[in-house]
Amino acid sequence: MATQKPTRTPAEIEDIILRKIFLVSLIDSMENDPRVVYLEMSAAEIMSEGKELKLSRDLMERIVIDRLSGGFVAAEPPFQYLVNCYRRACEEGKKISSMKDKTVRSEIEIVVKQAKKLAVSYCRIHLGNPDMFPNHDTNKSSNVSPLLPLVFAEVGGSLDGIGGSSSGASSAPGFLEEFFRDADYDSIEPVMKQLYEDLRGSVLKVSALGNFQQPLRALLMLLNYPVGAKALVSHPWWIPKSLYLNGRVIEMTSILGPFFHVSALPDHAIFKTEPDIGQQCFSDSSTRRPSDLISAFTTIKTVMNNLYDGLAEVLKCLLKNTNTRENVLEYLAEVINRNSSRGHLQVDPLSCASSGMFVNLSAVLLRLCEPFLDANLIKRDKIDPNYVFYGNRLEMRGLTALHASSDEVSEWFDSNTAKADNGQNRLLESQEATSSSSNASKPSLLQNSNPVPRSSEKVKYTFISECFFMTARVLNLGLLKAFSDFKHLVQDISRSEETLSSFQAMQRQTPSPQLQQDITRLEKEIELYSQEKLCYEAQILRDGGILQRALSYYRLMVVWLVSLVGGFKMPLPPTCPKEFASMPEHFVEDTMELLIFASRIPRALDGVVLDDFMNFIIMFMASPEYIRNPYLRAKMVEVLNCWMPPRSGSKTTGTLFDGHQLSLEYLVKNLLKLYVDIEFTGSHTQFYDKFNIRHNIAELLEYLWQVPSHRNIWKKIAKEEEKGIYLNFLNFLINDSIFLLDESLNKILELKEIEAEMSNTVEWERRPAQERQERTRVFNSQENIIRIDMKLAMEDVSMLAFTSEQITVPFLLPEMVERVASMLNYFLLQLVGPQRKSLTLKDPEKYEFRPKVLLKQIVTIYVNLAKGDKDNIFPAAITRDGRSYNEQLFGSAADVLRRIGEDGRMIQEFVLLGEKTKIAASDAMDAEAVLGDIPDEFLDPIQYTLMRDPVILPSSKVVLDRPVIQRHLLSDSTDPFNRSHLTADMLIPDVELKAKIEEFIKSQELKKRGESLGAQTAKATIQTTDTTTLID
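Residues numbered from 1 in each chain as written. Predicted model: local features only at pLDDT ≥ 70, side-chain atom pairs only at ≥ 80, totals over all residues. Heavy atoms only, no water.

**As for the packing of aromatic side chains**
Stage number 1. A full pass over the atoms with the stated rule returns 37 aromatic pairs.
Stage number 2. Summarising the aromatic geometry, the rings of Phe-580 and Tyr-626 are spaced 5.8 Å apart at their centres and angled 65 degrees between planes, so their arrangement reads as edge-to-face. Of the two residues, Phe-580 sits in helix H23 (residues 578–581) while Tyr-626 sits in the loop between helix H25 (611–620) and helix H26 (630–643), which places them 46 residues apart along the sequence.
Stage number 3. Exposure remark for Phe-580: the relative accessible area of 0% places this residue in the buried category.
Stage number 4. Of the residues examined, Tyr-626 reaches a relative accessible area of 2% and is grouped as buried.
Stage number 5. An aromatic cluster is built from Tyr-387, Tyr-461, Phe-468, Phe-469, Tyr-553, Tyr-554, Trp-560 and Phe-587, whose rings are joined through pairwise contacts.
Stage number 6. A cation over a ring is seen here: Lys-230 above Tyr-185, with NZ or CZ 4.3 Å from the ring centre. (Phe/Tyr/Trp six-rings, centres within 6.5 Å; stacked < 30°, edge-to-face > 60°. Helix = DSSP H or I, 4+ residues; strand = E, 2+ residues; numbered from the N terminus. Buried < 20%, exposed > 50% of the residue type's maximum accessible area, 1.4 Å probe, protein only. Lys NZ or Arg CZ within 6 Å of the ring centre and 35° of its normal.)

Take a look at the structure:
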């Protein structure tokens, strides 16, 4: 029969379990485990106290202190020992759960729980005071908290194995929870401080393909504890303090900065991260398989979105905590304000944070905005425009405003602040004078009922306002700046490739070592540029999510801005509200840039509601009273160009032009108005800028002419505004056509001269290499100028051709008809005149030069205007052009048109017009003979022709013929003699002089008629006499 196992007492069980947990013994050689430490001094003290040498809950803390203080060389270091104590306590806790005696089990559970709590408590004490207990760990690293590996183990390795894995260290379940949850702030603060510094350091040099996810999850875990959140925002490196603090310093030294620095975008070499994404994913990209590139794009997009989501959770965690929200807003404001120079054309990478940080920050803040980016934007009324003026967190008052000058913004701010102070003073006086001060209400000083703060107040705004304006600033300095950088990078690649091609061609002709060095340098440069370009593409262009969120945000932006002027309705109020006028210009510019950028990425606009953007553009593109900057309004046309159905290829944009009420009513009119306004931008480059802008407008107008509803509106405008905006539009269209064609034709002659030089190979090779290189550069430059100018000229003439088919009246007005005729005559002279052979090019299509098409369009305009000429004034206007008119040109042009097979009816009508011009020329000579010598006072001082409708200029008092001065005013609203302001309605009819001129004409005609009658009588008398004589 088996011997029954002796039953242990609860004290014995407690002793055994505590010895297993703490690995200590009070009796020498009691244990065979080498890890067990014999506490000789403790045993002696206990015996002297007359107690039994057994471990108990009462002795627990005493023996732990003795174990940690004993300096046992072979034993575990303090931290490792305490963590393992906790682990062993957990294991013992599992074992005792099988005890049958509930009373004993309950008692032992209390002991185990106390042991765990003690281990955690002394872990805190040790980490907070590392020198309190001896540490003989030879592998100890003093720079990293021993808690860090346990935290990493708790949160697991990085996603999908990207960026390596965590170390083998781990803690028992519940250790970290208990360590942080029950800690008082003062004891845990130094521990947390070290942990945050270690986490920051672990991602400092990490790229998007490095292991940033584990530290990020660790950071998020720590912030879930109240002590963790408080310790983070209280850390000296939360917002670093330094005399030399700038954007880059905040990025690299703040706790969150390095997390935001993790990116796929290129950065300055000093701040290079590993692994090198460009080198690893995109080196020799031209030879890589497309599937490899797509795989790299997908990987980078995935890890970056993991980063965005993680950082957004970090900020949300801190923002939800009312004790830390203000610290987060202060941090974001500091980052934004210290990096304001990122908005400049040239950015200093040593003083500004990286593009990577600001693109990441853009993505994160867009996530924070999501709660108020719903389809109906129901929370937009919570955005307070006063934030721009009175918010003291962001530096916004120095930004260029939509319409108000900086002085106007300051004046408005100061006047409203003074009113607020006066209002407060009156309120205080009222409160002192009455006992019912509790019922007194604060006065409202703005129409929108938002309180204007006193100058000394620190204003509190809703989180929606804070988030909205911070996101606007971050997107401007981040995502939109990255778009600009990408565009410039593509241009750099294009320029480098052109230069490389030129160098390679020169090397084939005249090889030299220096040229080969330059070619090798350029090839390396292009390879690096290409890697950077693909990095941008991977993180931004391929990420539809960030673009969609940005588009949702800027939809809110335009809807909110429009609400400041009364909503989506036209016409706009005559006076621009100060709130709108004072908003930063980049709010609108960034909106347009994003729309342009997204429109050029396939499918980026799919599913995006563009109606609000369309309405905004139509409302403000021709409203300089609301948006002062003409280039910004021109950018709106660029957006519309991207959306034209023939170009966009997106179903989203298909209905924007023909199904929109505002579009049908105002689009054509506002485009015509902007075409005129852009003549004077105020920039020193305004003369050349206008051609590119008008090119965009012209393309859009050409498309709209093909839409019947818009064409009808266009014709209506031409009729109603034939003396107004439409006449101005027509004038500038003709001016541009003449300049562009003249410029391009002259450049063709210069180009042919250089071509002749280069074709003479012997002479060309004798020239110095530098001279050949310079002449080649000039040749290439001239080619580009001709190509651009000729394309624009053809475009302008085409518009004149198709509009003149149905709109002729404005062309035939007195102040316009001679201008139109002179232009057509000049073009005809160049195309079929004696000099036409000098314009022959080897490859005219290369330069957008299509002389046959141009000739057909010129003749079409002639014929169209002749058809609409009810008063037969057009032939006379053609003949009055003494510079280019030649009756033989009509026949030459008709011959060319017959040879190229153009429509016979059009040719016949053109020939008929030529015949009419001959008659008009003859009549003009007769009229000139009738008038004889005209008194100088009847002659226009500019054209030196007889005035028919003399008017007095109010300022200079000079008398001019009305059509002459009106033609001048179409291009320049000034008196040509003293530059004072002048408009057509200011002209004063010179009634007395007009009567004299009419009397002079009448008298000269009567005189001529009398002379003619006398001559005829004399002739008849002579003929009668002669006849009689002969018969006789």
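On we go from here.
**Some remarks on the sheet that holds strand S3 (residues 950–952)**
Stage number 1. Taken in spatial order, the three strands line up as S4-S3-S5 in an open sheet, and their pairing is antiparallel. Every other strand in the sheet has two partners, leaving strand S4 (959–961) and strand S5 (988–989) as the edge strands with one partner each.
Stage number 2. Helix-sheet contacts for helix H39 (residues 962–971) involve S3, S4 and S5, and the interaxial angle to S4 is about 90 degrees. (Pairing = 2+ DSSP bridges. Contact = heavy atoms within 4.5 Å. Axes fitted to C-alpha atoms, helices over the stretch in contact; angles between N-to-C directions.)

**Digging into the packing of helix H14 (residues 290–320) against helix H16 (residues 355–369)**
Stage number 1. For the pair H14 and H16, interaxial distance at closest approach is 9 Å and the crossing angle is 55 degrees. Taken as axis vectors, H14 and H16 run oblique relative to one another. In the packing of H14 onto H16, the handedness of the crossing is right-handed. Between H14 and H16, the contacting residues are Met-304, Asn-305, Leu-307, Tyr-308, Asp-309, Leu-311, Ala-312, Leu-315, Lys-316 and Leu-319 on the first element and Val-359, Asn-360, Ala-363, Val-364, Arg-367 and Leu-368 on the second.
Stage number 2. Grouping the constituent residues of the contact of H14 with H16 by class yields eleven nonpolar, two polar and three charged. (Parallel < 35°, antiparallel > 145°, perpendicular 65-115°, else oblique. Left-handed = near helix turned anticlockwise from the far one by under 90°. Nonpolar A, V, L, I, M, F, W, Y, C, P; charged D, E, K, R; others polar.)

**Here's the deal with unusual backbone geometry**
For residues besides glycine, phi is generally negative; the peptide bonds are generally trans as well.
Stage number 1. Here the bond from Glu-274 into Pro-275 is cis, since omega is -5 degrees, no more than 30 degrees from zero.
Stage number 2. The omega angle of the peptide bond from Met-570 to Pro-571 is -5 degrees, so this bond is cis rather than trans.
Stage number 3. Secondary-structure assignment places Pro-571 in the loop between helix H22 (544–563) and H23.
Stage number 4. A positive phi angle is found at Arg-603, which is not glycine, with a value near 65 degrees.
Stage number 5. Mapped onto the elements, Arg-603 comes out in the loop between helix H24 (586–599) and H25.
Stage number 6. Given a relative accessible area of 67%, Arg-603 falls into the exposed group.
Stage number 7. The backbone of Glu-848 sits at a positive phi, close to 60 degrees, despite the residue not being glycine.

**Quick word on a negative patch on the surface**
Stage number 1. A surface patch of negative charge is lined by Asp-407, Glu-408, Glu-411 and Asp-414.
Stage number 2. Tracing the backbone through its elements, the reader meets Glu-408 in helix H18 (residues 406–433).
Stage number 3. On the basis of relative accessibility, which here comes to 41%, the residue Glu-408 falls in the partly exposed class. (Patch = residues over 30% accessible without salt bridge, like charges linked within 9 Å, V, L, I, M, F, W, Y side chains within 5 Å. Areas by Shrake-Rupley, 256 points an atom, 1.4 Å probe, with all protein chains shown as cover. Salt bridge = Lys/Arg side-chain N within 4 Å of Asp/Glu carboxyl O. Lys, Arg positive; Asp, Glu negative; His and termini not counted. Charge placed at Lys NZ, Arg CZ, Asp CG, Glu CD.)

**Things to note about H24**
Stage number 1. Helix length check: H24 (14 residues) gives 19 Å between terminal C-alpha atoms against 20 Å at 1.5 Å per residue, within 8%.
Stage number 2. The element H24 is extensively covered by neighbouring structure, given that twelve of its 14 residues are classed as buried.
Stage number 3. Among all positions in H24, only His-586, Phe-587, Val-588, Asp-590, Thr-591, Met-592, Leu-594, Leu-595, Ile-596, Phe-597, Ala-598 and Ser-599 are buried.
Stage number 4. On the buried face of H24, the contacting elements are helix H19 (463–477), helix H20 (479–509), helix H21 (513–541), H22, H25 and H26. (Expected span 1.5 Å × (residues − 1).)

**Thoughts on the confidence of the model for the protein**
Stage number 1. With 89% of its residues at a pLDDT of at least 70, the protein reaches an overall mean of 85.
Stage number 2. Counted against residues more than four places away or in other chains, residues 158–167, with its pLDDT under 50, gives 17 contacts.
Stage number 3. Predicted confidence for residues 426–449 stays below pLDDT 50, and this span has 19 contacts to residues more than four positions away or in other chains. (pLDDT = per-residue confidence, 0-100.)

**A look at helix H1 (residues 10–22)**
Stage number 1. Taking 1.5 Å of rise per residue, the 13 residues of H1 would be expected to cover 18 Å, and the 18 Å separating its terminal C-alpha atoms lies within 8% of that figure.
Stage number 2. For H1, the set of buried residues is Ile-13, Glu-14, Asp-15, Ile-17, Leu-18, Arg-19, Ile-21 and Phe-22.
Stage number 3. Leu-23 sits one or two residues past H1 and shows a positive phi near 55 degrees.

**Regarding the side chain of His-695**
Stage number 1. Here His-695 lies in helix H29 (residues 686–705).
Stage number 2. Leaving out residues up to four positions away in the same chain, His-695 has contacts with Lys-791, Leu-792 and Glu-795.

**What to know about the pattern of salt bridges**
Stage number 1. Tallied over the full model, the rule gives 49 salt bridges.
Stage number 2. A salt bridge links Lys-272 to Asp-276; its shortest N-O distance comes to 2.5 Å.
Stage number 3. Owing to a relative accessible area of 42%, Lys-272 belongs among the partly exposed residues under this scheme.
Stage number 4. Among the ionic pairs, Glu-763 bridges to Arg-766, the shortest N-O distance being 3.0 Å. Here the residue Glu-763 and the residue Arg-766 both occupy positions in helix H32 (residues 761–766), the gap between them amounting to three residues, near one helical turn.
Stage number 5. Among the charged side chains, a network of salt bridges with common partners joins Glu-45, Glu-49, Lys-51 and Arg-62.

**Quick word on the packing of helix H6 (residues 147–155) against helix H8 (residues 185–203)**
Stage number 1. Their axes nearest at 10 Å, the elements H6 and H8 cross at an angle of 65 degrees. In terms of axis orientation, H6 runs roughly perpendicular to H8. In this structure, H6 meets H8 at a crossing whose hand is right-handed. Judged by residue contacts, Leu-147, Leu-148, Val-151 and Phe-152 of H6 engage Val-191, Leu-195, Asp-198, Leu-199 and Ser-202 from H8.
Stage number 2. The class makeup of the residues in the contact of H6 with H8 is seven nonpolar, one polar and one charged.

**A short note on the environment of Leu-148**
Stage number 1. When you line up the elements, Leu-148 lands in helix H6.
Stage number 2. Owing to a relative accessible area of 8%, Leu-148 belongs among the buried residues under this scheme.
Stage number 3. Leu-148 sits 47 residues away from Leu-195 along the chain, and the two C-alpha atoms are 6.5 Å apart.
Stage number 4. In this view, Leu-148 contacts Leu-195, Asp-198 and Leu-199; residues no more than four positions away in its chain are not counted.

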